[in-house]
Amino acid sequence: MASIALEGVTKRYANGVVAVRDLTLEVEDGEFVVLVGPSGCGKTTTLRMVAGLEDVTEGTIRFGDRVVNSLSPKERDVAMVFQNYALYPHMTVRENIGFALKLAGMPKAEREQRVQEAARILGLEQFLDRKPAQLSGGQRQRVAMGRAIVREPNVFLMDEPLSNLDAKLRVQMRAEVLRIQRRIGVAALYVTHDQVEAMTMGDRVAVLHRGELQQYADPQTLYRSPANLFVAAFIGSPAMNLYHAQLVRDEGLALELGGQRVRLDGLSEQHPELGDRTPGAVIVGVRPEALGRLVEPGTPGSLTATIELVEELGSEKLVHFRIDAKPFRVDVDDEDLEPAAGLAGAGAEGVARVDAHVPTTVGGTVGLAIDAEAVYLFDPESAAALR
């Protein structure tokens, strides 16, 4: 078993395009790390460099204490699971799982023992003599994983392995993948564009954008303390509400959003670093779940909003509203704009997550109560978080 370390890794193609720039991160032995980001952010290129399928332009990749830059994929002893299962349709499950061992010349008895153990771990014992066409999508995915883990690799690499499954099966397979990885105990690097998948699976999550690492931390840190505006907008579903605002003095610190001024008790204590920058422009962010308390319009410490749409979700509902404020939109490329990205939408809308019993009327006006500790502030020029 081995850890994975990337030190200043850059991938530059012949046409000058930089897919990954100066990436440094470490996956500890036995740790499950997720690379997440919108399309084109460099996550799959990073995985392919770790696997040895792409050359490294600059920097170093280590497995444990061994530099592997010049080693072939076979010499690196990595196992990969891809988005497409790449199973041999004419082979049985048993033959698919054991094929790499057969190519390596492993004796039949030992090969069969490894296949049986992998099938037991994956719950595939009753399917060993079936062909892939006779299996469900989830079963085929488990066969692909069995083919990888049966080799007892140093490193486990997965490139969006669940993206072809339906929503319910994806949720089930997340737990399955983690259970298998914990069982075999190797360092795992997992690529996805789905931030919900990243947050539910990763011991740590690396958020990438345009080839650069934005933040590398455990899921709760990413959610509670985003390093910059991109991470704030990307992590969380629904996405964080972000608006242009002015920080002003009004019996302490207050926020001006459009034509509204909101005085928040405790904002100075939450952001002591703001003392020398008022008045001034900031980007203010509030997560939908922090706006779950609806009050009378004009209530101190609240934003006046108009309800435009209500989504009933059973135990809760999402209230889409419009306020007199200019929304902040994260600067992304066109190919980055996919539904899973969770980036700010069009217009001056926002979303509040409230309990199902809270009365709401489309077209009605409400106050959205805001607590100071739930407010995120960002520098509009550097995009860095101010706390």
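What comes next concerns the included structure. Everything numeric here is computed off the predicted structure, so don't read it as measured data.

To continue, consider the overall build of the protein. Across its full length, the protein carries ten helices and 20 strands. Across its three principal directions, the C-alpha atoms of the protein cover 80 × 45 × 35 Å. The buried share of the protein, reckoned over its 387 residues, is 53%. Look at the contacts in the protein between residues 6 or more apart in sequence, and 71% of them connect residues 24 or more apart. Here the protein has roughly 17300 Å² of accessible surface; of this, 47% comes from carbon and sulfur atoms. Charge separation in the protein, taken as the distance between the mean sites of 42 positive and 54 negative side-chain charges, equals 8 Å.

So, about the nonpolar core. In this structure, F32, I97, F156 and L242 are the most contacted members of the largest nonpolar core, which totals 60 residues. Here F156 is in contact with A79, V81, M145, A148, I149, I184, V186, A187, A188 and L189, once residues within four sequence places are set aside. Counting residues in each nonpolar core, the second largest holds 31 residues, with Y243, A305, V310 and V366 among its members.

Attention now moves to helix α3 (residues 93-103). For an α-helix, the turn length of 3.6 residues means that residues three or four places apart are oriented alike. Buried residues of α3: V93, N96, I97, G98 and L101, and no others. Looking at the buried side of α3, the elements it contacts are α4 (108-122) and α5 (137-149). Backbone geometry just downstream of α3 places G105 in the positive-phi region, at approximately 80°.

Once that is clear, we can look at the sheet that holds strand β16 (residues 302-312). Ordered by their spatial adjacency, five strands build an open sheet running β15-β19-β16-β17-β18, and the pairing between neighbours is antiparallel. Here the strands that pair on one side only, and so sit at the sheet edges, are β15 (294-295) and β18 (349-355).

In this section: the pattern of salt bridges. A full pass over the atoms with the stated rule returns 20 salt bridges. Where R182 meets D203, a salt bridge forms, and the shortest distance between an N and an O atom there is 2.8 Å. Of this pair, R182 sits in helix α6 (residues 167-184) while D203 sits in the loop between α7 (195-201) and β9 (204-209), and the two are 21 residues apart along the sequence. Using a relative accessible area of 42% as the deciding quantity, one classes R182 as partly exposed.

Bringing the pairing of strand β3 (residues 32-36) into the picture now. Extensive coverage of β3 is indicated by the burial of five of its five residues. Burial of β3 is two-sided: the residues F32, V34 and V36 facing one way and the residues V33 and L35 facing the other way are all buried. Bridge analysis of β3 against strand β8 (residues 187-192) gives five bridges, and the strand direction is parallel. By the bridge assignment for β8, V33 is matched with L189. Of the strand pairs in this sheet, β3 and β9 are connected by four bridges, and their pairing is parallel. Residue pairing for β9: V34 is matched across the bridge by V205.

Turning our attention to the sheet that holds β8. One open sheet holds the six strands; their spatial order is β6-β7-β8-β3-β9-β10, and the pairing between them is mixed. The open sheet has two free edges, formed respectively by β6 (78-81) and β10 (212-217), since each of these has just one partner strand. Sheet twist, expressed as the average angle between the axes of neighbouring strands with direction ignored, equals 20°. As judged from the five bridges shared by β9 and β10, these two strands associate in the antiparallel manner. Counted as the bridge partner of L208 is L213 from β10. Sheet strands touched by α5: β6 and β7 (155-159). Its angle to β6, the strand with the most contacts, is close to 175°. Its contacts with the sheet place α6 against β3, β7 and β8, and it is angled at close to 135° to β3.

The next subject is the layout of surface pockets. For the largest pocket, the calculated volume is near 680 Å³. Residue lining of the largest pocket: 21 residues in total, with V78, A79, M80, A100 and R151 positioned closest to the centre. Sorting the residues of the lining of the largest pocket by element identifies α2 (73-76), β6, α3 and α5 as the ones contributing at least two each. In terms of residues, the lining of the largest pocket owes the most to one element, α3, which gives four residues.

By the secondary structure assignment, K131 is in the loop between α4 and α5. Spatially, the C-alpha atom of K131 lies 22 Å from that of V177, the residues being 46 residues apart in sequence. For K131, the residues in contact, after removing those within four places along its chain, are P89, H90, M91 and T92.

Another aspect to go through is the environment of P359. With respect to the helices and strands, P359 occurs in the loop between β18 and β19 (365-369). Along the primary structure P359 and L294 are separated by 65 residues, whereas in three dimensions their C-alpha atoms are 9.0 Å apart. Setting aside chain neighbours within four positions, we find P359 in contact with L294 and K317.

Thresholds applied
- Residues numbered from 1 in each chain as written.
- Predicted model: local features only at pLDDT ≥ 70, side-chain atom pairs only at ≥ 80, totals over all residues.
- Heavy atoms only, no water.
- Helix = DSSP H or I, 4+ residues; strand = E, 2+ residues; numbered from the N terminus.
- Buried < 20%, exposed > 50% of the residue type's maximum accessible area, 1.4 Å probe, protein only.
- Contact = heavy atoms within 4.5 Å.
- Areas by Shrake-Rupley, 256 points an atom, 1.4 Å probe, with all protein chains shown as cover.
- Lys, Arg positive; Asp, Glu negative; His and termini not counted.
- Charge placed at Lys NZ, Arg CZ, Asp CG, Glu CD.
- Core = buried A, V, L, I, M, F, W, Y, C linked by side-chain atoms within 4.5 Å.
- Pairing = 2+ DSSP bridges.
- Salt bridge = Lys/Arg side-chain N within 4 Å of Asp/Glu carboxyl O.
- Axes fitted to C-alpha atoms, helices over the stretch in contact; angles between N-to-C directions.
- 1 Å grid on protein atoms, 1.4 Å probe; cavity = no way out; pocket = protein on both sides within 12 Å on 5 of 7 lines; lining within 4 Å.
- Points joined across faces, edges and corners; volume = space filled by probe spheres on them.

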